[in-house]
Amino acid sequence: MHRPFPATLLLALALTGGAVRPALAQEGIKLQPPASPAVSERIKDVPAIEAAGVAGLKPGTILFTDHRDDPAKPENGLVPYLDWGKLRPGERAALAPHPGYVEPDYVQTLNGVAKRRHETLKVYVAQGRFVVAKAPESIDLAAYATLGFVAKMDPVIKHKALNPADATPNKDPAAAFAKRPDRPWCEVGTTCIESRYDLEGKLPLGVKLANRLEDGASKKIAEFVSFQSELRTLPPAEIAALGNLTKLDTPVTGGLEQTIFWVNQILRFGKFLAVFQPMPGDPAKTVVTTYVALAIKGDVLDRKQEYARVPVLKNLLPAQVLMGNSSFNTGTSISAGLPTYARNRMIAFADALAKN
């Protein structure tokens with residue numbers, strides 16, 4: 001397995017921001033682009049979606065929380081994977097790649113020397129809740145478990161069908177830690193997807209600069225994020241327990257899940273989950289509870305010392321990039337930071353359900 005470059009990738013991103021506004025970066029000033037009016041009007045931030053209630057929730061408005069009570073702190077909202085299981089065990093069981101998932105252990109070869117490595121993870125989790133003016137039985141979830149639908153959710157991410165035999169954990173012994181213990185990824189009845197996101201704005205320039213700093217490295221940093229995922233509707237046996245997760249007192253009628261099980265850099269896994277239930281007191285409407293979970297490799301956040309050799313970057317932490325607090329966050333997708341990405345993904349999904 002090649003040596004990881006996620007921290008250097010974040011260095012590349014930071015270089016880009018430093019080139020744009022170096023004085024502010026030196027001062028460590030938090031720079032978060034304001035949310036667009038379309039997003040700010042649609043999203044209602046709440047401490048907890050369960051406590052907010054749905055009685056007065058209008059179609060088109062999304063209750064949202066990502067557990068960030070102090071966004072000015074670089075890693076606020078990021079939870080160590082092991083702590084996640086202790087603090088919110090039901091959430092981890094539903095949003096990890098599979099219920100028994102553990103942090104990866106694998107053999108890594110550096111300069112011809114093989115060493116065992118344990119990888120720690122930190123998890124970003126966003127929750128959303130909105131109302132659709134349709135009865136649950138009128139929503140055809142199978143229509144959303146398709147490659148074409150995923151392509152509409154975020155047009156700047158390009159998708160294509162993936163042969164299940166080519167799913168990396170299914171075929172690569174070095175990726176055995178990412179296998180499911182109960183079945184192969186992308187089994188019959190699921191949609192298997194290969195995706196690619198080309199970094200936006202000035203970020204590709206930052207990658208080129210970082211590759212120059214790493215001159216002679218065996219593997220250069222990619223100017224894109226590629227990932228493999230499995231999309232499916234959840235069977236009845238799996239949706240029954242999701243009522244305990246949403247804490248909404250009506251039966252769960254369906255679930256839609258996209259699990260990212262392989263990523264080339266920065267992240268280790270991700271999941272988008274949508275749970276459908278009749279609205280309490282009004283079965284002609286549907287309450288949809290959505291979750292976005294993304295696991296960041298620990299060394300992305302821990303290797304701050306790499307910044308010491310670039311004075312302008314000393315106070316610019318990798319977490320600022322991922323959490324959307326840097327001057328060079330751009331666009332509405334991954335380059336904007338995880339909170340913006342999660343919000344926009346939920347808005348796109350809510351709009352699709354309302355229209356179809």
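As the structure is a computational prediction, the values presented were derived from the model and not from experiment.

Caption draft 1: Expanded view of the nonpolar core. With 49 residues, the main nonpolar core has Phe 276, Phe 349 and Leu 353 as its most contacted residues. Broken down by element, this core gets its largest block of residues, ten residues, from helix H14 (residues 338-355). Grouped together as the second largest cluster of nonpolar side chains are 21 residues, Val 79, Val 125, Leu 242 and Leu 273 included.

Caption draft 2: The packing of aromatic side chains, seen in detail. For the coordinates displayed, the defined rule picks out 13 aromatic pairs. Here the aromatic rings of Trp 185 and Phe 261 are separated by 4.8 Å at their centres, their planes lie at 15°, and the arrangement is stacked. Here Phe 261 lies in strand S10 (residues 254-263) and Trp 185 lies in the loop between helix H8 (168-171) and strand S8 (191-198), a separation of 76 residues in the sequence. In this structure, Trp 185 and Phe 261 share a single accessibility class: buried. Look at Phe 276 and Phe 349: their rings are 6.4 Å apart centre to centre, the planes differ by 70°, and that puts the pair in the edge-to-face class. Taken together, the residues Phe 276 in strand S11 (residues 267-279) and Phe 349 in helix H14 connect sequence positions 73 residues apart. Residue Phe 276 shares its accessibility class with Phe 349, and that shared class is buried. Feature note: the residues Phe 130, Tyr 144, Phe 149, Phe 272, Phe 276 and Phe 349 constitute an aromatic cluster, connected by ring pairs. The ring of Trp 262 is capped by Arg 268, whose NZ or CZ atom sits 5.9 Å from the centre of that ring.

Caption draft 3: Inspection of unusual backbone geometry at higher detail. The backbone phi angle of His 67 is positive, close to 65°, even though this residue is not glycine. In this structure, His 67 sits in the loop between strand S2 (62-65) and strand S3 (78-80). Since its relative accessible area comes to 27%, His 67 is described here as partly exposed. Although it is not a glycine, Ile 266 adopts a positive phi angle of roughly 75°. The residue Ile 266 is located in the loop between S10 and S11 in this model.

Caption draft 4: Main features of the pattern of salt bridges. One pass over the structure, following the stated rule, counts 18 salt bridges. With its nearest N and O atoms 2.7 Å apart, the salt bridge here joins Glu 75 to Lys 122. Placement of Glu 75 in the loop between S2 and S3 and of Lys 122 in strand S6 (residues 121-132) is noted, with a sequence separation of 47 residues between them. Glu 75 gets classed as partly exposed once you look at its relative accessible area, which sits at 29%. The salt bridge involving Glu 119 is made with Arg 117; its shortest N-O contact spans 3.5 Å.

Caption draft 5: Structural view of the pairing of strand S5 (residues 113-118). With six bridges joining them, strand S4 (residues 105-110) and S5 adopt antiparallel strand pairing. Considered in S5, the bridge of Thr 109 is made with Ala 114. Joining the antiparallel neighbours S4 and S5 is a turn of two residues, in which Asn 111 adopts a positive phi near 55°.

Caption draft 6: Expanded view of the state of the cysteines. Per the stated rule, a full pass over the model turns up one disulfide. Here Cys 186 connects covalently by a disulfide to Cys 192, the sulfurs 2.1 Å from one another. Between Cys 186 and Cys 192 the disulfide shows an S-S torsion of about 70°. By sign, it is right-handed. Look at Cys 186 and you get buried, because its relative accessible area is 5%.

Caption draft 7: The arrangement of the pairing of strand S12 (residues 282-297) in detail. For S12, the tally of buried residues reaches twelve of 16 residues, placing the bulk of the element in the interior. Across twelve bridges, S6 lies against S12 in antiparallel orientation. By the bridge assignment, Tyr 124 is partnered in S12 with Leu 294. Relative to S12, S11 is paired through twelve bridges, and the arrangement is antiparallel. Pairing of Phe 272 across the sheet is with Val 292, part of S12. Connecting S11 to the next strand, S12, in antiparallel fashion are two residues, including Gly 281 with a positive phi near 80°.

Reading guide: rules and limits
- Residues numbered from 1 in each chain as written.
- Predicted model: local features only at pLDDT ≥ 70, side-chain atom pairs only at ≥ 80, totals over all residues.
- Heavy atoms only, no water.
- Core = buried A, V, L, I, M, F, W, Y, C linked by side-chain atoms within 4.5 Å.
- Buried < 20%, exposed > 50% of the residue type's maximum accessible area, 1.4 Å probe, protein only.
- Helix = DSSP H or I, 4+ residues; strand = E, 2+ residues; numbered from the N terminus.
- Phe/Tyr/Trp six-rings, centres within 6.5 Å; stacked < 30°, edge-to-face > 60°.
- Lys NZ or Arg CZ within 6 Å of the ring centre and 35° of its normal.
- Salt bridge = Lys/Arg side-chain N within 4 Å of Asp/Glu carboxyl O.
- Pairing = 2+ DSSP bridges.
- Disulfide = S-S within 2.5 Å.

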